[in-house]
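Listed below are the residues making up each chain.
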Amino acid sequence: MVAAAAQRRETAGRRRIQTGLAVAGALVVFSTLWEVYKLLGGIIDDRWPDILPVRPDNLTMPHVWEIAGSFIEPVQRGRSEILAMSLLKAAGFTLIEAGLGFLIGTVVGLGLAVLMLRSFWLDRALVPWINISQTVPLIALAPIVVTWGRTTFLGDTVSVALIAAYLTFFPVAVNGLAGLKSPAPEALELMRSYAAGWSKTLFALRLPAARPYLFPAFKLAATLSVVGAIVGEISAGIRGGLGRVILDYAGRYTTGPEKLYAAVIAAALLGLFVFGMANLAEARILRGENQES
Amino acid sequence: MTMLTPVPAISIQGVGKTFNPDSDERVVALEGIDLDVAATEFVSLIGPSGCGKSTLLRLIADLITPTTGTVEVFGRSAHEARLDRDYGMAFQSAGLFSWRKVARNIELPLELMGWSKADREARSAEMLELVQLPEFGNHYPWQLSGGMQQRVAIARALSFKPRLLLMDEPFGALDEMTREHMQNELLDLVAEVGTTVVFVTHSISEATFLSDRVVVLSPRPGRIHAIIDVPLGDRRTEDTREDETFFKSTTEVREALRQVGASA
Ligand SMILES: Nc1ncnc2c1ncn2[C@@H]1O[C@H](COP(=O)(O)OP(=O)(O)O)[C@@H](O)[C@H]1O
Ligand SMILES: [Mg+2]
């Protein structure tokens with residue numbers, strides 16, 4: 001058993017190295033394609049202007065090394081702070097909103113799942129509304145929520161978190177309900193044979209059984225919470241987060257296009273980070289329970 | 001007549017069960033079942049697939065309610081008996097909770113009954129000893145073979161020392177060798193505490209080896225076709241399987257099954 005565990009760890013380690021290599025490889029391939037497009041595109045553009053979908057000039061598509069280099073250049077001329085540092089701070093600010101949104105969304109999503117499990121009629125009544133909720137464009141909703149926050153004690157951070165939660169509750173509710181319903185009839189009969197009531201069955205059987213369904217939802221919700229927070233920041237015009245930074249650099253695009261690209265990369269990295277955290281939590285919590293892990 | 005007849009462990013009177021009575025999918029699963037099981041008796045239910053064995057077991061367990069008739073367990077309704085946790089149950093699939101280690105699986109009913117942690121741990125250790133898996137408490141179920149998992153399921157069913165054990169083809173998924181070994185172990189286990197057992201099986205030799213009485217059910221609708229006494233006494237060992245009486249009883253069960261159209 002000990003040998004088996006060591007073997008599993010070794011395989012897991014090797015898998016992690018493989019993943020790292022694959023990611024680095026994809027980055028190299030993508031950067032190369034980008035530069036090749038610029039190079040060939042330049043020739044084509046000279047001959048037949050306006051036939052390329054994206055213009056290959058340095059304003060539309062800055063060089064890969066310019067984007068990479070911009071991270072270590074000062075944010076503005078005359079300031080000592082480099083762009084990477086400023087983006088890190090902004091990402092931290094957005095992370096707090098996203099984290100709060102993730103928490104709210106998870107609690108609401110799980111709560112809805114339990115309610116729908118409990119009551120046939122609530123299930124019937126809620127499902128269409130939950131589905132409709134995701135068809136409303138977030139951009140339209142965000143200013144309303146921000147106005148709520150500004151006229152009450154909630155404030156901007158909570159408003160943005162609520163906007164993020166609007167996206168995150170959905171996968172949690174849907175997968176959560178599927179997970180709560182996943183135990184085999186025999187497992188439910190077993191609980192009944194112990195005269196375990198509804199709530200004991202929920203906590204001892206249904207919720208633990210739902211975890212393998214919930215973690216994929218959490219991973220999705222984590223990345224959605226970053227998207228929601230950034231959209232919320234942009235519509236609320238809140239300073240301090242990545243949303244505002246993106247908005248600023250978009251406004252000053254002509255004087256530094258690589259900065260906008262850098263900000264977008266920062267947003268993607270933040271999404272990747274929260275995804276990684278959710279992944280890590282899953283691995284830790286479900287560790288040992290299944291043969292595969 | 002004796003003046004004092006002890007309360008039977010199970011008393012089933014005029015029981016019938018019809019599923020979906022008001023629809024096209026109406027199934028008369030059982031009809032006119034009368035059966036008493038004495039305390040500490042071991043009774044097997046055998047019969048062709050779909051004849052209502054599991055249904056009868058689930059009626060005793062109060063997992064479903066009869067359409068007609070009454071089921072009493074230790075002198076009260078099956079419902080009250082369930083609420084009092086009078087029985088333990090084991091199915092063909094061990095049904096261990098994959099997220100609980102083996103010991104914690106055995107402790108599940110104890111946890112639901114509000115036992116203290118120390119008491120629970122003491123009892124699960126004791127049960128692991130009884131089913132000969134003392135070193136496996138800290139393993140996850142997937143790390144155990146099918147036979148070992150089934151032993152854990154039996155330990156779980158007996159962990160709170162119920163007076164009655166209900167088993168639905170618990171060894172059905174095991175190979176022949178493991179199966180016979182588990183049969184011996186089960187008899188030792190239930191003899192120790194004096195547990196009453198109702199045991200559903202497909203196997204004629206299993207039913208005969210284990211039981212004081214074998215109930216043969218006939219299908220469509222499920223009825224009791226015959227009840228066969230197995231006069232092998234209380235001490236059954238590996239040698240019992242070569243005993244003359246064992247062969248005779250096995251033949252009797254087989255004949256009865258042939259009459260109800262089982263292709264066993
Ligand atoms: N929940 C149920 N709903 C409808 N029909 C059922 C249900 N459970 C069992 N039956 C039917 O009752 C009959 C007896 O089933 P069962 O007791 O499982 O048989 P056995 O265990 O002897 O194979 C079968 O025809 C089966 O289809
Ligand atoms: Mg059955």
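Residues numbered from 1 in each chain as written. Chains lettered and ligands numbered in written order. Predicted model: local features only at pLDDT ≥ 70, side-chain atom pairs only at ≥ 80, totals over all residues. Heavy atoms only, no water.

**Here's the deal with a nonpolar patch on the surface**
The line we're drawing: Every patch collects residues that have over 30% relative accessible area and no salt bridge, joining them within 9 Å if they carry like charges and within 5 Å if they are nonpolar side chains (Val, Leu, Ile, Met, Phe, Trp, Tyr). In these tables, accessible area is a Shrake-Rupley quantity obtained with a 1.4 Å probe, and a residue counts as shielded only by the protein chains included in the view. Just to be clear on terms, a salt bridge is a Lys or Arg side-chain nitrogen sitting within 4 Å of an Asp or Glu carboxyl oxygen. By definition, any uninterrupted DSSP run of H or I lasting at least four residues is a helix, any uninterrupted run of E lasting at least two residues is a strand, and each is numbered from the N terminus.
Together, I72, I82, M85 and L88 of chain A give the surface a local cluster of nonpolar side chains, amounting to about 390 Å² of exposed area. In this fold, I82 of chain A is placed in the loop between helix 2 (64–70) and helix 3 (83–118).

**A look at the site of ligand 1**
Residues and elements named next belong to chain B. Stated formally: Residues are classed as near a molecule or strand on a simple rule: at least one heavy atom within 4 Å of it. N or O atoms within 3.5 Å of each other form a polar contact, as long as, within protein, one can give a hydrogen and the other can take it, and as long as residues adjacent in sequence are counted only when both atoms are side-chain atoms. Under the scheme applied, nonpolar residues are Ala, Val, Leu, Ile, Met, Phe, Trp, Tyr, Cys and Pro; charged residues are Asp, Glu, Lys and Arg; polar residues are all the others, including Gly.
Taken together, the neighbourhood of ligand 1 is formed by F19, N20, V27, A29, S49, G50, C51, G52, K53, S54 and T55. Note that an oxygen atom of ligand 1 is positioned 3.3 Å from one of the backbone N or O atoms of C51. Residue K53 places a main-chain N or O atom 2.8 Å away from an oxygen atom belonging to ligand 1. For ligand 1, whose unbound accessible area comes to 560 Å², protein coverage reaches 64%. Contributing elements (two or more residues each) for the shell around ligand 1: strand 2 (27–37) and helix 1 (53–60). In terms of residue count, helix 1 provides more of the shell around ligand 1 than any other element does, three residues in total. Here the shell around ligand 1 is built from residues that sort into four nonpolar, six polar and one charged.

**Some remarks on the side chain of E35 of chain A**
Residue and element names in this part refer to chain A. To be explicit about the condition: Partly exposed residues are those whose accessible area sits between 20% and 50% of the maximum for their type, while under 20% is buried and over 50% is exposed, using a 1.4 Å probe and protein chains only. Charge assignment: positive for Lys and Arg, negative for Asp and Glu; neither His nor the chain ends contribute. In this analysis, two residues are considered to be in contact whenever any of their non-hydrogen atoms come within 4.5 Å of each other.
In this structure, E35 sits in helix 1 (residues 2–47). No salt bridge is formed by the buried E35. Its closest oppositely charged neighbour is K38, at 5.6 Å. Contacts of E35, omitting those with residues within four sequence positions, involve H63, V64 and W65.

**Looking at the sheet that holds strand 4 (residues 68–73) of chain B**
All names here are of chain B. We apply this condition: Between any two strands, at least two bridges found by DSSP are needed for them to pair. What counts as an axis is a line fitted to C-alpha atoms, over the stretch in contact for a helix, and the angles between N-to-C directions run from 0 to 180 degrees.
Across the sheet, which stays open at both edges, the four strands sit in the order 2-1-4-5 with antiparallel pairing between neighbours. Edge positions in the open sheet fall to strand 2 and strand 5 (76–77), since each of these has one partner strand only. The sheet contact formed by strand 1 (residues 10–19) and strand 2 spans seven bridges and is antiparallel. Within strand 2, the position partnered with I12 by the bridge is L35. Each of strand 1, strand 2 and strand 4 touches helix 1; the most contacted strand, strand 1, lies at about 120° to it.

**Details of the interface of chain B and chain A**
A common measure of how large an interface is: the accessible area buried when the components associate. What counts, and what does not: Summed over both partners, the accessible area lost on bringing two parts together, with a 1.4 Å probe, is the buried area.
Facing 22 residues of chain B, the contacting portion of chain A comprises 23 residues. The three residues of chain B that bury the most area against chain A are W99, L112 and W142 of chain B, which together make up 33% of that side's buried surface. Between the two partners, chain B and chain A, sit one salt bridge. For R58 of chain B, the salt bridge is made with E189 of chain A, and the minimal N-O distance between the two is 2.5 Å. Counting every contact that joins chain B to chain A gives eight residue pairs in polar contact (both at pLDDT 80 or more). Put simply, the parts of the chain that give the side of chain B that touches chain A at least two residues each are helix 2 (78–83), strand 6 (87–90) and helix 3 (102–112) of chain B.

**Some remarks on empty space enclosed by the protein**
Residues and elements named next belong to chain B. Put simply, the rule is: In the cavity and pocket records, a cavity denotes points on a 1 Å grid over the protein atoms alone where a 1.4 Å probe fits but cannot get out, a pocket denotes an open set with protein on both sides within 12 Å along at least 5 of 7 lines, and lining residues are residues with an atom within 4 Å of a point. Grid points are joined across faces, edges and corners, and a volume is the space filled by probe spheres set on the points.
By the definition in use, this model includes two cavities of 30 Å³ or more. Residue lining of the largest cavity: M127, L130, L158, K161, P162, L189, V193 and T195, and that is the complete set. Elements with a minimum of two residues in the lining of the largest cavity: helix 4 (117–130) and helix 6 (176–193). Taken together, the residues that form the lining of the largest cavity break down as six nonpolar, one polar and one charged.

**Quick look at helix 8 (residues 244–259) of chain B**
All names here are of chain B. Filter applied, for reference: One less than the number of residues in a helix, times 1.5 Å, gives the span that helix is expected to have. The directions considered for the arc are those from the helix axis to the C-beta atoms.
Its 16 residues give helix 8 an end-to-end C-alpha distance of 23 Å, which sits within 8% of 22 Å, the value for a rise of 1.5 Å per residue. Restricting attention to buried positions, one finds in helix 8 the residues F246, S249, T250, V253, A256 and L257. Projection of helix 8 onto a plane perpendicular to its axis shows the buried side chains occupying an angular sector of 125°, all on one side. When the buried face of helix 8 is taken as reference, the exposed residues oriented beyond 90 degrees from it are E244, K248, R258 and Q259. In this structure, the buried residues of helix 8 make contact with strand 3 (42–46), helix 7 (204–210), strand 9 (213–218) and strand 10 (223–229). The N-capping residue of helix 8, defined by a side-chain oxygen 2.8 Å from the backbone nitrogen of T245, is D243.

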